[in-house]
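Given next are the chains, with one letter for each unit.
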Amino acid sequence: MLAEGRKTFGDLNCRIGCTHCQGACPRGIPVNSIMRYEYYFRAQGREKAAMADYAGLGARNAADCADCPGYCEAACPHGVPIQGKLLLAHDRLTMA
Ligand code: SF4
Ligand code: SF4
């Protein structure tokens, strides 16, 4: 079952603990931290803490990822569609 799940969903999940894409971002965006905060929000129900953590990134957030060619995505060895996930995370974690 685990192997099947990995085959089906593996490309969708950021490994979080890994930092392979980190050096590829010219803006120094902490991709794995943002994915971790999004996990806190979505899977652990810790919305306020996740949003506070994300706000703590200041200008190193994912607000401008839409205008980027997606260097991090190209660098991910797991094929995670990270650019879209970052934009979704930004919407979810940004305080109104
Ligand atoms: S997007 Fe890929 S390379 Fe970057 S932290 Fe997640 S799994 Fe690792
Ligand atoms: S989409 Fe571009 S700006 Fe955003 S984290 Fe990836 S490389 Fe950095």
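A quick note: this is a predicted structure, and the numbers were derived from the prediction, not measured.

Cut-off values and rules
- Residues numbered from 1 in each chain as written.
- Chains lettered and ligands numbered in written order.
- Predicted model: local features only at pLDDT ≥ 70, side-chain atom pairs only at ≥ 80, totals over all residues.
- Heavy atoms only, no water.
- Axes fitted to C-alpha atoms, helices over the stretch in contact; angles between N-to-C directions.
- Helix = DSSP H or I, 4+ residues; strand = E, 2+ residues; numbered from the N terminus.
- Parallel < 35°, antiparallel > 145°, perpendicular 65-115°, else oblique.
- Left-handed = near helix turned anticlockwise from the far one by under 90°.
- Contact = heavy atoms within 4.5 Å.
- Near = heavy atom within 4 Å.
- Nonpolar A, V, L, I, M, F, W, Y, C, P; charged D, E, K, R; others polar.
- 1 Å grid on protein atoms, 1.4 Å probe; cavity = no way out; pocket = protein on both sides within 12 Å on 5 of 7 lines; lining within 4 Å.
- Points joined across faces, edges and corners; volume = space filled by probe spheres on them.

**With respect to the packing of helix H2 (residues 31–42) against helix H3 (residues 47–55)**
Between H2 and H3, the shortest axis-to-axis distance is 7 Å and the interhelical angle comes to 160°. With respect to each other, H2 and H3 are oriented roughly antiparallel. Seen along the crossing, H2 lies across H3 with a hand that is left-handed. Two secondary-structure elements touch here, H2 through Ile34, Tyr37, Tyr40 and Phe41 and H3 through Glu47, Ala50, Met51, Asp53 and Tyr54.

**Considering the site of ligand 2**
Within the structure, ligand 2 sits among Cys25, Arg27, Ile29, Val31, Cys65, Cys68, Tyr71, Cys72, Gln83 and Leu86. Elements represented by at least two residues in the shell around ligand 2 include exactly helix H4 (71–75) and helix H5 (82–93). Class assignment of the residues belonging to the shell around ligand 2 gives a composition of eight nonpolar, one polar and one charged.

**Observations regarding empty space enclosed by the protein**
Taken as a whole, this structure holds one cavity of 30 Å³ or more when the rule is applied. Volume-wise, the largest cavity comes out at about 110 Å³. Lining the largest cavity are 14 residues, and of these Cys14, Cys18, Cys21, Val31 and Cys76 sit closest to its centre. Taken together, the residues of the lining of the largest cavity break down into nine nonpolar, four polar and one charged.

**A few points about the layout of surface pockets**
In this structure, the largest pocket occupies an estimated 280 Å³ of space. Leu12, Asn13, Cys14, Ile16, Met35, Glu38, Tyr39, Arg42, Lys85, Leu88, Ala89 and Arg92 are the residues that line the largest pocket. Of all the secondary structure elements, the ones that give two or more residues to the lining of the largest pocket are H2 and H5. Looking at the lining of the largest pocket residue by residue, the class counts come to seven nonpolar, one polar and four charged.

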